[in-house]
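Spelled out from the first residue to the last, the chains are:
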Amino acid sequence: MGRNKTSEIWAVAGGKGGTGKTFVISQIASYLASINKKVILIDTDFGGANLHSFFGIENRKKTIKDFYKHDVPLESLVVKTKIDNLEVIPGDINSTIFDVIKYNKKLKLFSHIKKLEADYILLDLGGGFNKNIIDFFLLADKMIVATVPEITAIENLFQFIKSTFFRKLNFLLGIYGLKNFAKDAWEQRTEKSIVTILDLIEYVKEESGDIGEIAIKELQNFKINIILNKVRDSSEIKEGFSLKSICIKLIGINALYSGYIEYDNHFWRNLSLTQLSNEINISLKTKKDIKRIVTNIINEKQIAIEISKNE
Amino acid sequence: MNDTDLKKYFETLEITRDASFTEMKNSYIHLRNLYSKSNLSISPLIASLSKKKQKLIVKEIDEAFRMLEQYYQDKKIESIKTKKEKIQKSRVPTFEVIGGEALKMIRKVLGIELEEIAFLSGVQLKHLNNIELERYDLLPPDIYVKTFLRKFSAQLSLDSEKVVADYFKRMKEFKSKAD
C-alpha cells in the first residue's frame, strides 16, 4: 500500500518546556482545519504528552503507547475533536521518560504515519533532543521549529538544529559509503581548522570528491521554518532573523523565518485546564499571527525585516 | 553581474529574489550589526567564530550590499525604460485641454508612479504633486513651472508645448476667476 501522496507531514520541535510549542502546533492545526484542510495531529511525546489538554479530549482509551506495546493499528487511535476537520492521536501522559522506543518500532510508526489519510499530518515532538525526536523531525516534509526569544532557548534550539543536520549529513554520506567520514573529520576538527558545520561541509566536499558533492547537494533540501513565540517587542522579533542567520551562516542550512506570535497576555493569564476543554480564547491578533505563519510555511516564504526608526 | 554571483549576493543577505529594495537594505543593516557588534541573545554563538571569520562574513555582507544596491538601481531604470516603450502601444486617453488631473490620469494609465517621474526627470516630488493637484498657490514662479511641465510631459511622451500652453491657460482662467 503506497503512501497517500497528497498528505504533507509537518513536524514541530522546540526544545525544553515553556516555549509554547504545543500551543503553537495546536493553533496551526486549528487554522488549517478552519480552511477546510483535513488535519491529523499526532502527539509523539512519549513521556510528557499534553496535547489532549488543548482539545479537551477526555476518555482517552487508547494512546500511541498502545501502538508500540500492543500493536494497535494507528488509524484506530485517531480521535475526533470538537473542531471540524481536526483529529488527534494523543500521546501518553502516564509513561516514564525512560521508555525507549526500539528502532524497528520507530520505523513501523513512520510507515504507518505516512499511510494516514489527511491533507496535513502534524507531529508534536517532545522537548529535548534525543535520537527519537531527531529522527521524527527528519521524517517530515516540512521541519518547523518554535522557540521563544530567550538566550537559553535559542541556544538549545541551535544545538538541536545542528545535531539534526549532522545526523542527516552522516545518513546521506552513509548511503554513499562515506559513513564515518564526517564524524571522524569533526572529531579532528581542531587539526583540520574546522569550526562550524559549514567548514565541515566544505572539508567533506574537498576531500571526498564527486560522491561528497552529491551528498552535499541533497542537503540543499534541508530547510528549517522558524517560528518565534511569546514575542513582546521589535527587538525580540529580530531574534528570529538572527537565529535564521546563524543557521544559514554557521550550520550552512536553508532557514526561513516564517513568523512570530505576539505574547497574548489575556490567554496565558487565564489558562486553566477547565478553560482549555472549552473554547480557547485566542485573540484576533494571535489568529492573524498564526495565519501569516501557516501561509508562509505553505508557500515557503518568510516575513520581511523591518528596521524601526531609532536604530 | 552574472546570475551565479547575483544568487550568491541574495543568499549572503538572506533574502529571496523578489525582496524589495527596502527589505534588502534592512536585512543588510541587521546582518551587519549581528556579525560586527554584539547582540544579546545570539552573541555567545557568534563568539564561537574567530575574529578572522567574523571579519570575513562582514566583508561578504558589505560586498553583497554594494552589488545589490547597484543591481536594484539598474533594474529600476530598466523597468522604467520598458514602461516607456509600452507608451506607444497603450491606450492613452486624449484631452482637449491638459490640466493637472489629465496629467495624473495619463500617468496612471501608463502605470507610472510619481516617484518614478521625480527620479527620472529630476523634478522634486512635491512640485509634481502640486502640478497634478493644480495647487497653483504652492507652485514656484512660472518660469520653473514651465520647465517642470516640459520634463513631466517628456516622461509621459506628450507634446510638451501643448501641455505648457494648456496648463497655463487653465491657471490664468482660475486666477482671473479668483480675482
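Residues numbered from 1 in each chain as written. Chains lettered and ligands numbered in written order. Predicted model: local features only at pLDDT ≥ 70, side-chain atom pairs only at ≥ 80, totals over all residues. Heavy atoms only, no water.

It is worth spelling out the overall build of chain B at this point. When helices and strands are tallied, chain B shows nine helices and zero strands. Partitioning the intrachain contacts of chain B with sequence separation of at least 6 by distance along the chain shows that 61% fall at a separation of at least 24. Surface accessibility of chain B: about 10,800 Å² in total, with carbon and sulfur atoms responsible for 53%. Counting 34 positive and 27 negative side-chain charges, chain B places the averaged centre of each group 3 Å from the other. (Helix = DSSP H or I, 4+ residues; strand = E, 2+ residues; numbered from the N terminus. Contact = heavy atoms within 4.5 Å. Areas by Shrake-Rupley, 256 points an atom, 1.4 Å probe, with all protein chains shown as cover. Lys, Arg positive; Asp, Glu negative; His and termini not counted. Charge placed at Lys NZ, Arg CZ, Asp CG, Glu CD.)

This part takes up the pairing of strand β7 (residues 223-231) of chain A. Residue and element names in this part refer to chain A. Most of β7 is tucked away, with seven of its nine residues classed as buried. The pairing of strand β6 (residues 142-147) with β7 spans five bridges and is classified as parallel. From the neighbouring strand, M143 faces β7, where its bridge partner is I224. The pairing of β7 with strand β8 (residues 254-262) spans seven bridges and is classified as parallel. Following the sheet pairing, K223 is matched in β8 by N254. Traced from β7 through helix α9 (residues 234-251) to β8, the parallel crossover comes out right-handed. (Buried < 20%, exposed > 50% of the residue type's maximum accessible area, 1.4 Å probe, protein only. Pairing = 2+ DSSP bridges. Right-handed = clockwise from strand over helix to strand, strands pointing away.)

A word on the interface of chain B and chain A. Contact with chain B, which involves 25 residues of that partner, is made by 27 residues of chain A. Here chain B meets chain A over a buried area of about 1,900 Å², counting both sides, of which 62% is carbon and sulfur. At the junction of chain B and chain A, the tally comes to two salt bridges. Of the charged contacts, one joins B:E14 and A:K249 as a salt bridge, the two residues approaching to 2.8 Å between their closest N and O atoms. Here chain B and chain A share seven residue pairs in polar contact (both at pLDDT 80 or more) between them. Sorting the residues of the side of chain B that touches chain A by element identifies α1 (3-12), α2 (21-36), α3 (43-47) and α4 (51-87) of chain B as the ones contributing at least two each. Per-element tally for the side of chain B that touches chain A: the top contributor is α2(B), with eight residues. (Buried area = accessible area lost by both parts, 1.4 Å probe. Salt bridge = Lys/Arg side-chain N within 4 Å of Asp/Glu carboxyl O. Polar contact = N/O pair within 3.5 Å; in protein donor to acceptor, adjacent residues only side chain to side chain.)

Its identity is not glycine, yet A:K230 carries a phi of approximately 60°, on the positive side. Along the chain, A:K230 turns up in strand β7. One non-glycine residue, B:E134, adopts positive backbone phi at about 55°. Relative to the assigned elements, B:E134 resides in the loop between α7 (125-133) and α8 (142-155).

If you add up the space inside the largest pocket, you get close to 1,500 Å³. Residue assignment for the lining of the largest pocket shows that the elements contributing at least two residues are α8 (197-218), α9 and β8 of chain A together with α1 and α4 of chain B. Broken down by element, the lining of the largest pocket gets its largest block of residues, eight residues, from α1(B). (1 Å grid on protein atoms, 1.4 Å probe; cavity = no way out; pocket = protein on both sides within 12 Å on 5 of 7 lines; lining within 4 Å. Points joined across faces, edges and corners; volume = space filled by probe spheres on them.)

Turning our eyes to something else, we now look at the pattern of salt bridges. Pairing between side chains of opposite charge can happen when their charged atoms approach one another. Inspection of every chain in the model, using the stated rule, returns 19 salt bridges over all chains. Residue A:D124 pairs with A:K21 through a salt bridge whose shortest N-O separation is 2.7 Å. Taken together, the positions of A:D124 in strand β5 (residues 120-124) and A:K21 in helix α1 (residues 21-34) put the pair 103 residues apart, joining distant regions of the chain. Residue A:D124 shares its accessibility class with A:K21, and that shared class is buried. The partner of B:R150 in a salt bridge is B:E161, with the nearest N and O atoms 3.1 Å apart. Within this pair, whereas B:R150 is found in helix α8, its partner B:E161 is found in helix α9 (residues 160-178), the two being separated by eleven residues in sequence.

Under the counting rule described, the total for this entry stands at five cavities of 30 Å³ or more. Space inside the second largest cavity adds up to approximately 40 Å³. A:F241, A:K244, A:S245, A:I305, B:L13, B:E14, B:S27, B:H30 and B:L31 are the residues that line the second largest cavity. The set of elements that each furnish at least two residues to the lining of the second largest cavity consists of α9 of chain A together with α2 of chain B. Looking at the lining of the second largest cavity residue by residue, the class counts come to four nonpolar, three polar and two charged. (Nonpolar A, V, L, I, M, F, W, Y, C, P; charged D, E, K, R; others polar.)

This part covers the pairing of strand β2 (residues 39-43) of chain A. Residue and element names in this part refer to chain A. Most of β2 is tucked away: five of the five residues are buried. On β2, burial covers both faces: V39, L41 and D43 on one face and I40 and I42 on the other are all buried. Relative to strand β4 (residues 86-89), β2 runs parallel, the two being bridged by four bridges. Paired with L41 across the two strands is V88, which belongs to β4. Bridge count between β2 and β5: five bridges; the pairing is parallel. From the neighbouring strand, V39 faces β5, where its bridge partner is Y120.

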